[in-house]
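Observations on chain architecture
Take a look at the letters that make up each chain.
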Amino acid sequence: MSLPIPDLGQMLFYSIVFLIVISSFWVVMSPNLVHSAVSLLFTFFGVAGLYVFLYADFIAAAQVIIYVGGILVLIIFGVMLTNKIDDPNLSNQSRNQLLAAVFCFIMLLIQLQIIFNTDWFIGDFITRESTVNDIGMLLLTTYLLPFEVVSVLLLAALIGAAMLSRKKLSK
């Protein structure tokens, strides 16, 4: 009796899942904040890879652009600018690492229990060209007002962050 050989898609999927699990574990357990941020980079790219497997190409691109390009760079700049510039060794000496690891492990067990006990629908293979056109049409027709409200809110948050980061001039 020979073992079944998984196809290339399954091996790629499992390697992406392995990358996400290992890098997210290192985000929580790393004593160095910069190493945690780099591990978060791999986690975000892995999640984008899972979106590609779900045929959600727009969400995968948004994941890379927003989270990797924006949020992660913001986190790295925040870590670098809030610590001493002359001390390149940035460390996280939190006592809550073990508690966070236990909490993450419990959440993993809950998610695995839900995943393995759910009766998943397996339907026919549906081919789609792209989700970008559908999302673009919805954003510019049905959801135009909420889209504009969120953009104004983000602009106000950006202006507020710039105002808070300015140095106060003493007279």
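Source: prediction; values computed, not measured.

1. Some thoughts on the overall build of the protein
- A tally of regular secondary structure across the protein gives six helices and zero strands.
- Each helix and strand of the protein, placed in order from N terminus to C terminus, yields the pattern α-α-α-α-α-α.
- Buried residues in the protein amount to 14% of all 171 residues.
- Counted over contacts in the protein with a minimum sequence separation of 6, partners at least 24 positions apart contribute 61%.
- A total accessible area of about 14,300 Å² is found for the protein, and carbon and sulfur atoms account for 73% of it.

2. What about a nonpolar patch on the surface?
- Together, Phe-105, Leu-108, Leu-109, Leu-112, Ile-115, Phe-116, Trp-120 and Ile-122 give the surface a local cluster of nonpolar side chains, amounting to about 890 Å² of exposed area.
- Along the chain, the position of Leu-109 falls in helix H4 (residues 97-117).

3. Some remarks on the packing of aromatic side chains
- Scanning the model with the defined rule gives three aromatic pairs in all.
- Ring geometry for Phe-13 and Phe-53: centres 5.5 Å apart, planes at 80°, overall edge-to-face. In this pair, Phe-13 sits in helix H1 (residues 8-29) while Phe-53 sits in helix H2 (residues 33-53), placing the two residues 40 residues apart along the sequence.
- We classify Phe-53 as partly exposed; its relative accessible area is 32%.
- Each member of the aromatic cluster is reached from another via a ring pair, and the members are Phe-13, Tyr-14 and Phe-53.

4. Concerning the layout of surface pockets
- In this structure, the second largest pocket spans a volume of roughly 920 Å³.
- Around the second largest pocket, the lining is made up of 22 residues, and of these Ile-66, Gly-70, Ile-71, Leu-154 and Leu-155 lie nearest the centre.
- Of all the secondary structure elements, the ones that give two or more residues to the lining of the second largest pocket are helix H3 (57-82), helix H5 (132-140) and helix H6 (144-165).
- Each residue belonging to the lining of the second largest pocket can be placed in one class, and the counts come to 18 nonpolar, four polar and no charged.

5. A short note on the nonpolar core
- In this structure, Ala-37, Leu-40, Phe-44, Val-68 and Leu-72 together form the largest nonpolar core, which totals five residues.
- Looking at this core, the elements with two or more residues in it are H2 and H3.
- By residue number, the principal contributor to this core is H2, which donates three residues.
- Sequence-distant contacts of Val-68, that is, excluding residues within four places in its chain, are made with Leu-41, Phe-44, Phe-45, Gln-63 and Val-73.

6. A few points about the side chain of Ser-39
- Position of Ser-39 among the secondary structure elements: in helix H2.
- Judged by relative accessible area, which is 7%, Ser-39 ranks as buried.
- The residues contacting Ser-39, other than those within four sequence positions of it, are Ser-23, Trp-26 and Val-27.

Criteria and thresholds
Residues numbered from 1 in each chain as written. Predicted model: local features only at pLDDT ≥ 70, side-chain atom pairs only at ≥ 80, totals over all residues. Heavy atoms only, no water. Helix = DSSP H or I, 4+ residues; strand = E, 2+ residues; numbered from the N terminus. Buried < 20%, exposed > 50% of the residue type's maximum accessible area, 1.4 Å probe, protein only. Contact = heavy atoms within 4.5 Å. Areas by Shrake-Rupley, 256 points an atom, 1.4 Å probe, with all protein chains shown as cover. Patch = residues over 30% accessible without salt bridge, like charges linked within 9 Å, V, L, I, M, F, W, Y side chains within 5 Å. Salt bridge = Lys/Arg side-chain N within 4 Å of Asp/Glu carboxyl O. Phe/Tyr/Trp six-rings, centres within 6.5 Å; stacked < 30°, edge-to-face > 60°. 1 Å grid on protein atoms, 1.4 Å probe; cavity = no way out; pocket = protein on both sides within 12 Å on 5 of 7 lines; lining within 4 Å. Points joined across faces, edges and corners; volume = space filled by probe spheres on them. Nonpolar A, V, L, I, M, F, W, Y, C, P; charged D, E, K, R; others polar. Core = buried A, V, L, I, M, F, W, Y, C linked by side-chain atoms within 4.5 Å.

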